[in-house]
Amino acid sequence: MPGYIDFLFLKSSGVPRTDAVQMQKVLYEYEHESEPRVMLRLTERPYPLEAFHDLVRTAGALKRAGLTRTQRHSLARSLRLGRFRSTMDVMLYWARQPRDEKGEEIRTAFGKWIERLQGGSSGQSGVQSGTRSSGQSSAQSGGQLVFPWREEKRGGQALWTTQLLDVLELMEWVEVSMTDAASNNGNLGAGNAS
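All values reported here derive from a predicted model rather than from experimental measurement.

**So, the overall build of the chain**
And then number 1: Helix and strand counts for the chain come out as seven helices and seven strands.
And then number 2: Expressed as a percentage of its 194 residues, the buried residues of the chain come to 43%.
And then number 3: Summarising the internal contacts of the chain: among those between residues at least 6 apart in sequence, 60% fall at separations of at least 24.
And then number 4: As displayed, the chain has an accessible area near 10,300 Å², and 54% of this comes from carbon and sulfur atoms.

Quick look at the structure:
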């Protein structure tokens, strides 16, 4: 049976003690006024171990490419503005990257990530729509991918999830050397997060 990883970064000791699942629901799930009866979930946690390694590699690639803290915060805030607005903001950010080495690294990192989400070359990478252990891509399971969002079916209600906030949060803590270890042998390695 595969292992799963869930994480929640708390930057304050004054956070009230509560059930972690309930806290994540309060922090990450909401209905946006522009889409009544559509639930948005700002995370896809928990992740199968392999998918978590993919997230760490993506976070490391974006960190290596120089995605700044201000840019990360701007993209994260955009997710709270609804699915359509955040999709446009991410696409605009991607398209506005300069035609230099740094911009190309960012476009490449996003491109590889999108390919994995679509069930591209790495096949089972990423948490998938439908049953999380199925190994199917969003398209294979009947869901849609409108990067950075993916549709899952939850009863009769539309549920759209995203890995973007997870990657942006991991960037705050991941070391580039950790992502290199994950790429080389699947081991996240040891070290202090930066």
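**Regarding the pattern of salt bridges**
And then number 1: Enumeration over the complete set of coordinates arrives at 11 salt bridges.
And then number 2: With a shortest N-O distance of 3.8 Å, Asp54 and Arg116 are connected by a salt bridge. Placement of Asp54 in helix 2 (residues 49–65) and of Arg116 in helix 5 (residues 101–117) is noted, with a sequence separation of 62 residues between them. For the pair formed by Asp54 and Arg116, the shared burial category is buried.

**Section: the environment of Gln144**
And then number 1: For Gln144, the position within the fold is in the loop between helix 5 and strand 5 (145–146).
And then number 2: The spatial distance from the C-alpha of Gln144 to the C-alpha of Trp160 is 9.0 Å, given a sequence separation of 16 residues.

**Overview of the packing of helix 2 against helix 6 (residues 164–171)**
And then number 1: Viewed as axis vectors pointing N to C, helix 2 and helix 6 meet at an angle of 65°, and their least axial separation amounts to 9 Å. Read as a crossing pair, helix 2 and helix 6 show a hand that is right-handed. Counting all contacts with helix 2, which are made through Phe52, Leu55, Val56, Thr58, Ala59, Leu62 and Lys63, the residues of helix 6 involved are Asp166, Val167, Leu170 and Met171.
And then number 2: Broken down by class, the residue content of the contact of helix 2 with helix 6 amounts to eight nonpolar, one polar and two charged.

**Here we look at the packing of helix 4 (residues 83–95) against helix 5**
And then number 1: One way to put it is that helix 4 packs onto helix 5 with a least axis distance of 9 Å and a crossing angle of 140°. When the axes of helix 4 and helix 5 are compared, the pair comes out oblique. Contact with helix 4, carried on its side by Val90, Tyr93 and Trp94, involves Ile106, Arg107 and Phe110 of helix 5 and no other residues of that element.
And then number 2: In terms of residue class, the contact of helix 4 with helix 5 is built from five nonpolar, no polar and one charged.

**Observations regarding the sheet that holds strand 6 (residues 149–154)**
Hydrogen bonds along the backbone pair up the strands of a sheet, which may run parallel or antiparallel.
And then number 1: Read from one edge to the other, the open sheet built from five strands follows the order 2-3-7-6-5, with strand pairing classed as mixed. In the strand order of this sheet, the two ends are held by strand 2 (29–31) and strand 5, each with one partner.
And then number 2: One ladder, built from two bridges, connects strand 5 with strand 6; its direction is antiparallel. Bridge assignment links Val146 to a residue of strand 6, and that residue is Trp149.
And then number 3: On the sheet, helix 1 (residues 20–28) packs against strand 2 and strand 3 (38–41) and is oriented at approximately 40° with respect to strand 2.

**Regarding the side chain of Thr43**
And then number 1: Mapping Thr43 onto the fold places it in the loop between strand 3 and strand 4 (47–48).
And then number 2: Of note is the side chain of Thr43, whose polar atom sits 3.1 Å from the backbone nitrogen of Arg45.
And then number 3: In this structure the side chain of Thr43 is engaged in a polar contact, spanning 2.7 Å, whose partner is the side chain of Asp166.
And then number 4: Setting aside residues no more than four positions away along its own chain, Thr43 makes contact with Tyr28, Thr161, Thr162 and Asp166.

Definitions and cut-offs
- Residues numbered from 1 in each chain as written.
- Predicted model: local features only at pLDDT ≥ 70, side-chain atom pairs only at ≥ 80, totals over all residues.
- Heavy atoms only, no water.
- Helix = DSSP H or I, 4+ residues; strand = E, 2+ residues; numbered from the N terminus.
- Buried < 20%, exposed > 50% of the residue type's maximum accessible area, 1.4 Å probe, protein only.
- Contact = heavy atoms within 4.5 Å.
- Areas by Shrake-Rupley, 256 points an atom, 1.4 Å probe, with all protein chains shown as cover.
- Salt bridge = Lys/Arg side-chain N within 4 Å of Asp/Glu carboxyl O.
- Axes fitted to C-alpha atoms, helices over the stretch in contact; angles between N-to-C directions.
- Left-handed = near helix turned anticlockwise from the far one by under 90°.
- Nonpolar A, V, L, I, M, F, W, Y, C, P; charged D, E, K, R; others polar.
- Parallel < 35°, antiparallel > 145°, perpendicular 65-115°, else oblique.
- Pairing = 2+ DSSP bridges.
- Polar contact = N/O pair within 3.5 Å; in protein donor to acceptor, adjacent residues only side chain to side chain.

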